[in-house]
Amino acid sequence: LAELNIETVRHQEIQVVGNGQWCITMGGRDCSLQMNEQKLLEISVTEEELAQAIEATDQQQSKTALKTDLDILRRMESEAARFGAAVGLDSVSTFECIVDRDRHFFMEMNTRVQVEHRVTELCYGLKFTNPENLAESFTVHSIVELMVLLAAHGARLPKPERVPREGVAVEVRLNATDGALKP
């Protein structure tokens, strides 16, 4: 068995939503800061915020790094959507990857609600438009509400449009530890 040694590892997750017929992603979350296998900090990673950061910086090294991050995010979102569509995803899931500089590696897919979903909800909503009457639509801002809609209406839901909300979102967890930093 040969394994790849990754020294500069980052843990990133892509939020994926599907109804069994279509699949869409809702940006990413960087959850690299962990302790005792518990995530301590979740930071949104979206195309909009990376593009804004690229535009705002004058430093070429920073611009290059941000462009690399944007490219990785786009590749991960594309792969996550294809994966979800291939397995007929009919709920909400998390596509988890390890990121090493300009490469990423699929780690696992979680099909349960996680507390860090709130980071995604703050960045994006999903707008569902009636294909027979484009004037009729509604927007969902809650992952749990979205899961209920998918369970109740599944195949009848048209593919939604991703709608930006807040520019960035962060979630911080506080863990009780002893002097040795053990739970």
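Throughout what follows, the structure given in this document is the object of discussion. (Residues numbered from 1 in each chain as written. Predicted model: local features only at pLDDT ≥ 70, side-chain atom pairs only at ≥ 80, totals over all residues. Heavy atoms only, no water.)

### Some points on the sheet that holds strand β2 (residues 23–30)
- Spatially, the six strands line up as an open sheet ordered β7-β6-β1-β2-β5-β11, and their pairing is antiparallel. Either end of the sheet is taken by a strand with one partner, and the two such strands are β7 (103–110) and β11 (170–172). With strand direction ignored, the average angle separating the axes of adjacent strands in the sheet is 25°.
- Strand direction decides the pairing type here: strand β5 (residues 41–45) and β11, joined by three bridges, are antiparallel. (Pairing = 2+ DSSP bridges. Helix = DSSP H or I, 4+ residues; strand = E, 2+ residues; numbered from the N terminus. Axes fitted to C-alpha atoms, helices over the stretch in contact; angles between N-to-C directions.)

### As for empty space enclosed by the protein
- Applying the stated rule across the entire model yields one cavity of 30 Å³ or more.
- What the largest cavity holds in volume is close to 30 Å³.
- Every residue lining the largest cavity is listed: Arg 10, Gln 12, Val 45, Asp 69, Ile 72, Leu 73, Met 76 and Val 99.
- Mapped onto the lining of the largest cavity, the elements with two or more residues apiece are β1 (9–18) and α2 (60–86).
- The biggest single contributor to the lining of the largest cavity is α2, with four residues.
- Of the residues contributing to the lining of the largest cavity, the split by class is five nonpolar, one polar and two charged. (1 Å grid on protein atoms, 1.4 Å probe; cavity = no way out; pocket = protein on both sides within 12 Å on 5 of 7 lines; lining within 4 Å. Points joined across faces, edges and corners; volume = space filled by probe spheres on them. Nonpolar A, V, L, I, M, F, W, Y, C, P; charged D, E, K, R; others polar.)

### Looking at helix α1 (residues 47–56)
- For α1, the full list of buried residues reads Glu 49, Leu 50 and Ile 54. Down the axis of α1, the smallest arc covering the buried residues is 140°, so these residues share one side. Opposite the buried face of α1, at more than 90 degrees from it, the exposed residues are Gln 52, Glu 55 and Ala 56.
- Each element contacted by the buried residues of α1 is listed here: β5 and α2. (Buried < 20%, exposed > 50% of the residue type's maximum accessible area, 1.4 Å probe, protein only. Arc of directions from axis to C-beta. Contact = heavy atoms within 4.5 Å.)

### Examining the layout of surface pockets
- Here the largest pocket is characterised by a volume of approximately 160 Å³.
- Along the walls of the largest pocket sit His 11, Gln 34, Glu 37, Lys 39, Glu 96, Glu 108, Asn 110, Arg 112, Gln 114, Val 115, Glu 116 and Arg 173, which together make up its complete lining.
- Considered class by class, the residues forming the lining of the largest pocket number one nonpolar, four polar and seven charged.

### Focus: the packing of aromatic side chains
- All chains considered together, the criterion is met by five aromatic pairs.
- Residues Trp 22 and Phe 128 carry aromatic rings whose centres are separated by 6.3 Å and whose planes lie at 55° to one another, so their mutual orientation is tilted. Of this pair, Trp 22 sits in the loop between β1 and β2 while Phe 128 sits in strand β8 (residues 124–129), and the two are 106 residues apart along the sequence.
- On the numbers, 5.4 Å between centres and 35° between planes, the contact of Phe 83 with Phe 106 is tilted. Here Phe 106 lies in strand β7 and Phe 83 lies in helix α2, a separation of 23 residues in the sequence.
- An aromatic cluster of at least three residues, connected via ring pairs, comprises Trp 22, Phe 128 and Phe 138.
- One cation-aromatic arrangement involves Arg 162 over Tyr 124; the distance from NZ or CZ to the ring centre is 4.4 Å. (Phe/Tyr/Trp six-rings, centres within 6.5 Å; stacked < 30°, edge-to-face > 60°. Lys NZ or Arg CZ within 6 Å of the ring centre and 35° of its normal.)

### Looking at helix α4 (residues 143–153)
- Listed as buried for α4 are Ile 143, Leu 146, Met 147, Leu 149 and Leu 150. Looking straight down α4, one finds its buried side chains confined to an arc of 160°; they lie on one side. Facing away from the buried surface of α4 by more than 90 degrees, the exposed residues are Val 148 and Ala 151.
- Buried residues along α4 sit against β1, β2, β6 (92–100), α3 (117–123), β8 and β9 (137–140).
- Residue Ser 142 occupies the N-cap position of α4, its side-chain oxygen lying 3.4 Å from the main-chain nitrogen of Val 144.
- Among the residues trailing α4, Gly 154 stands out with phi positive, at a value near 20°. (Polar contact = N/O pair within 3.5 Å; in protein donor to acceptor, adjacent residues only side chain to side chain.)

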